[in-house]
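Observations on the model geometry
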Amino acid sequence: AGGGRNAVGAAAATAAETSERTIRALKLTGRGLAQRGDRVHAGGANVGACVNAAYSAFLEASIGLAYLPPELQRVEVEVDGARVPAEVHPLPLVRPPSERGAASS
């Protein structure tokens, strides 16, 4: 019963699979709290915008999500008119085990 590649929306799904941008997590390394809509810059060029943002108490940093070219590893997020450095991470965004505290028993 499935429609395969001829199903309604198949063209859009195929385009999404080959898109030049993917959703990536941002962890701000400078001072500032990212907000939805904040512009993302790399190499002086505007490369996207935060589609969601929040403060992570667990990571002790401002974090966000943006559709970005896959090769980017460092960007700047424009927060209140100032560009704040940020690292680009794949999802899920979690603290590496080496940085976590010892498990309590």
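Everything discussed here concerns the structure shown above.
Below is a summary of the structure that appears in this document. Please read all numbers here as calculations on a predicted model, not as lab measurements.

This next bit is on the nonpolar core. Counting 16 residues, the largest nonpolar core has Leu26, Leu28, Val40, Leu68, Val75 and Val77 as its most contacted members. Looking at this core, the elements with two or more residues in it are strand 1 (22-28), strand 2 (39-42), strand 3 (45-56), strand 4 (61-68), strand 5 (74-79) and strand 6 (82-89). Apart from the residues within four sequence positions on either side, Val77 is in contact with Leu26, Leu28, Ala34, Asp38, Arg39, Val40, Cys50, Ala82, Arg83, Val84 and Ala86.

All right, on to the sheet that holds strand 1 then. Spatially, the 6 strands close up into a barrel ordered 1-4-3-2-5-6, and their pairing is antiparallel. When the angles between neighbouring strand axes are averaged without regard to direction, this sheet yields 40°. Of the strand pairs in this sheet, strand 2 and strand 5 are connected by 2 bridges, and their pairing is antiparallel. Pairing of Val40 across the sheet is with Val77, part of strand 5.

Sheet analysis places strand 2 next to strand 3, joined by 4 bridges and oriented antiparallel. Across the sheet, the residue bridging to Ala42 is Ala45, located in strand 3. Counting the residues between successive antiparallel strands, the hairpin from strand 2 to strand 3 contains 2 residues, one of them, Gly43, with a positive phi of roughly 60°.

With that out of the way, let us pick up the pattern of salt bridges. Summed over all chains, the structure comprises 1 salt bridge. Glu87 is the salt-bridge partner of Arg74, the closest N and O atoms lying 3.8 Å from each other. Here Glu87 lies in strand 6 and Arg74 lies in strand 5, a separation of 13 residues in the sequence. Judged by relative accessible area, Arg74 falls into the exposed class, the value being 57%. With a relative accessible area of 23%, Glu87 lands in the partly exposed category.

About the criteria used
- Residues numbered from 1 in each chain as written.
- Predicted model: local features only at pLDDT ≥ 70, side-chain atom pairs only at ≥ 80, totals over all residues.
- Heavy atoms only, no water.
- Core = buried A, V, L, I, M, F, W, Y, C linked by side-chain atoms within 4.5 Å.
- Buried < 20%, exposed > 50% of the residue type's maximum accessible area, 1.4 Å probe, protein only.
- Helix = DSSP H or I, 4+ residues; strand = E, 2+ residues; numbered from the N terminus.
- Contact = heavy atoms within 4.5 Å.
- Pairing = 2+ DSSP bridges.
- Axes fitted to C-alpha atoms, helices over the stretch in contact; angles between N-to-C directions.
- Salt bridge = Lys/Arg side-chain N within 4 Å of Asp/Glu carboxyl O.

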